[in-house]
Amino acid sequence: MDVKGAALRPSVRAPQREADIVRSALAALKERLPDAWTAAPSSDVRDRGVDAIIKLTAPDGTVVTLVLECKRALLTRDLPALREQLKSATKAIAPTAVPVVVSRYLSPSVRNWLDDGGLSYLDVTGNLRLTSTQPALFIRDRGADRDPWRKPGRPRGTLKGVPAARVVRALVDFFPPVSAPALVQRARSSTGATYRVLEFLDEEALITRSGRGVESVMWRQLIERWSEDYGFQQSNSVSGYVQPRGISALVNQLPQAKTLTYVVTGSLAAQRLAPYAPPRLATLYVDDPVVSADVLGLRAVETGANVLLAVPKSDMVFDRSALAGGVKYAAPSQVAVDLLTGPGRAPSEAQELLDWMEKNEPVWRRRPVG
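Attention in this report is confined to the structure presented alongside it. Predicted model only: the values in this text are computed from it and were never measured.

**Section: the sheet that holds strand E9 (residues 207–210)**
- Here we have three strands laid out as an open sheet, ordered E8-E10-E9, and antiparallel in their pairing. Edge positions in the sheet fall to strand E8 (178–179) and E9, since each of these pairs with one other strand and no more.
- Looking at chain direction, E8 and strand E10 (residues 213–217) are connected through two bridges and run antiparallel. The residue of E10 that forms the bridge with Ser179 is Gly213.

Have a look at this one:
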């Protein structure tokens, strides 16, 4: 069951010792247990290689054993080794015991990784996923989405902004490996910004680094992670227009609009590669919406638009576009992130496109020349 526990009070001080973290996390768990369930720590943890063993007792007396491994802080790249360590220790304690990762705070990316791996977890702010089959128990709750104890001024890992977007696009659009200097040149980003993004992606286990370069890229997960810090409407200046004769008329006009700087993104671009449903909205990146609207015969509207013209913060959106039928389409990586952050059925269209990209990687992903 999904539950809503008590919110963490801002005045609560950050627990420093692992024992304090376990104690605070256990208190958060008790608040979220179903009625008549109890939770109590076991004293039998010596030489077990874990931080705590918790006994959950159901109303009928059935017991669930939780095996807790506590870390003050966790990065995504630390999780594979932690998972194996915890599963091995849990198996030695009891075949039906439930391994649980515990921390002061678990970031959304860490929680997503644990969710995908089917691991239970708990943090002091109330982020919780607990699953047991014997007896059947499922508890899930959401606490903080940001570390409430992060010190002021401390930089937060993010993929916001043009430099990060340039690096992400360069990593996704090309097959690895790539050296850091080559990535700087390919992304048209500064050396400092590129290394900061690489460090963050390494912590998130979205790339594998070797020496001064990148050996592998989890490109689908990277696009999805990028979408958490990106928003099509928020990251661009977007205006609505109507093409009175419909989207098909617009598509027929574009091959003749040779003076325009544009690329098609969104549903119309995805439809070319991974048909999902007839597009109801055409979305274009342009450098000048007034000129573009005039050339294409579009009328500005407040509501009921069937065309969106977006002025990007960077010309990066035009990079590695494709020409098909005389129409210029944005690279699949850009189309996917635009759809992931779009309204209505756009995220579903994004998943369909990402599925196509996985099956056709050699078609859209480039290999470096030379």
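Still more to cover.
**Re the sheet that holds strand E6 (residues 128–133)**
- Sheet architecture is open: seven strands sit in the order E1-E2-E3-E4-E5-E6-E7, paired in mixed fashion. The open sheet is flanked by strand E1 (38–41) and strand E7 (136–141), the only strands paired with a single partner. Pairs of neighbouring strands in the sheet enclose a mean axial angle of 25 degrees, with direction left out of account.
- Bridge count between strand E5 (residues 120–123) and E6: two bridges; the pairing is antiparallel. Bridged to Tyr121 within E6 is Arg129.

**Brief notes about empty space enclosed by the protein**
- Inspection of the entire model under this criterion finds one cavity of 30 Å³ or more.
- In this structure, the largest cavity spans a volume of roughly 70 Å³.
- Contributing to the lining of the largest cavity are Val22, Ala25, Leu26, Leu29, Ile54, Leu66, Leu68, Val100, Val102, Leu122, Leu128 and Leu130.
- Elements represented by at least two residues in the lining of the largest cavity include exactly helix H1 (18–32), strand E3 (63–71), strand E4 (98–103) and E6.
- Among the elements that take part in the lining of the largest cavity, H1 stands out by supplying four residues, more than any other.
- Among the residues making up the lining of the largest cavity, the classes are represented as twelve nonpolar, no polar and no charged.

**Looking at the packing of aromatic side chains**
- Here the structure, examined in full by the defined rule, presents three aromatic pairs.
- Between Trp226 and Tyr230, the aromatic rings sit 5.5 Å apart at their centres with planes inclined by 50 degrees, giving tilted as the arrangement. Here the two residues Trp226 and Tyr230 agree in accessibility, since each one is buried.
- Residue placement shows Arg186 over the ring face of Phe174; its charged tip is 4.1 Å from the ring centre.
- One residue, Arg367, lies across the ring of Phe175, its end atom 4.0 Å from the ring centre.

**Side note on the layout of surface pockets**
- Within this model, the second largest pocket holds a volume of roughly 430 Å³.
- Taken together, 14 residues line the second largest pocket, and the ones lying closest to its centre are Ser109, Asn112, Asp116, Leu206 and Gln221.
- For the lining of the second largest pocket, the element with the highest residue contribution is helix H3 (residues 108–116), accounting for five residues.

**Concerning the side chain of Ser132**
- Relative to the helices and strands, Ser132 resides in strand E6.
- Beyond its immediate stretch of four places on either side in the chain, Ser132 contacts Val64, Val98 and Leu137.

**As for the environment of Asn236**
- When you line up the elements, Asn236 lands in strand E11 (residues 236–242).
- The class for Asn236 is buried, based on a relative accessible area of 10%.
- Residues Asn236 and Leu82, spaced 154 residues apart in sequence, show a C-alpha to C-alpha distance of 40 Å.
- Those residues in contact with Asn236 that sit more than four places away from it in its chain are Tyr230, Gly231, Tyr285, Ala310, Val311, Pro312 and Lys313.
- At 3.4 Å, the side chain of Asn236 and the side chain of Tyr230 are in polar contact.
- Engagement of the side chain of Asn236 in a polar contact is seen with the backbone oxygen of Phe232, the distance being 2.9 Å.

Conventions adopted
Residues numbered from 1 in each chain as written. Predicted model: local features only at pLDDT ≥ 70, side-chain atom pairs only at ≥ 80, totals over all residues. Heavy atoms only, no water. Pairing = 2+ DSSP bridges. Helix = DSSP H or I, 4+ residues; strand = E, 2+ residues; numbered from the N terminus. Axes fitted to C-alpha atoms, helices over the stretch in contact; angles between N-to-C directions. 1 Å grid on protein atoms, 1.4 Å probe; cavity = no way out; pocket = protein on both sides within 12 Å on 5 of 7 lines; lining within 4 Å. Points joined across faces, edges and corners; volume = space filled by probe spheres on them. Nonpolar A, V, L, I, M, F, W, Y, C, P; charged D, E, K, R; others polar. Phe/Tyr/Trp six-rings, centres within 6.5 Å; stacked < 30°, edge-to-face > 60°. Buried < 20%, exposed > 50% of the residue type's maximum accessible area, 1.4 Å probe, protein only. Lys NZ or Arg CZ within 6 Å of the ring centre and 35° of its normal. Contact = heavy atoms within 4.5 Å. Polar contact = N/O pair within 3.5 Å; in protein donor to acceptor, adjacent residues only side chain to side chain.

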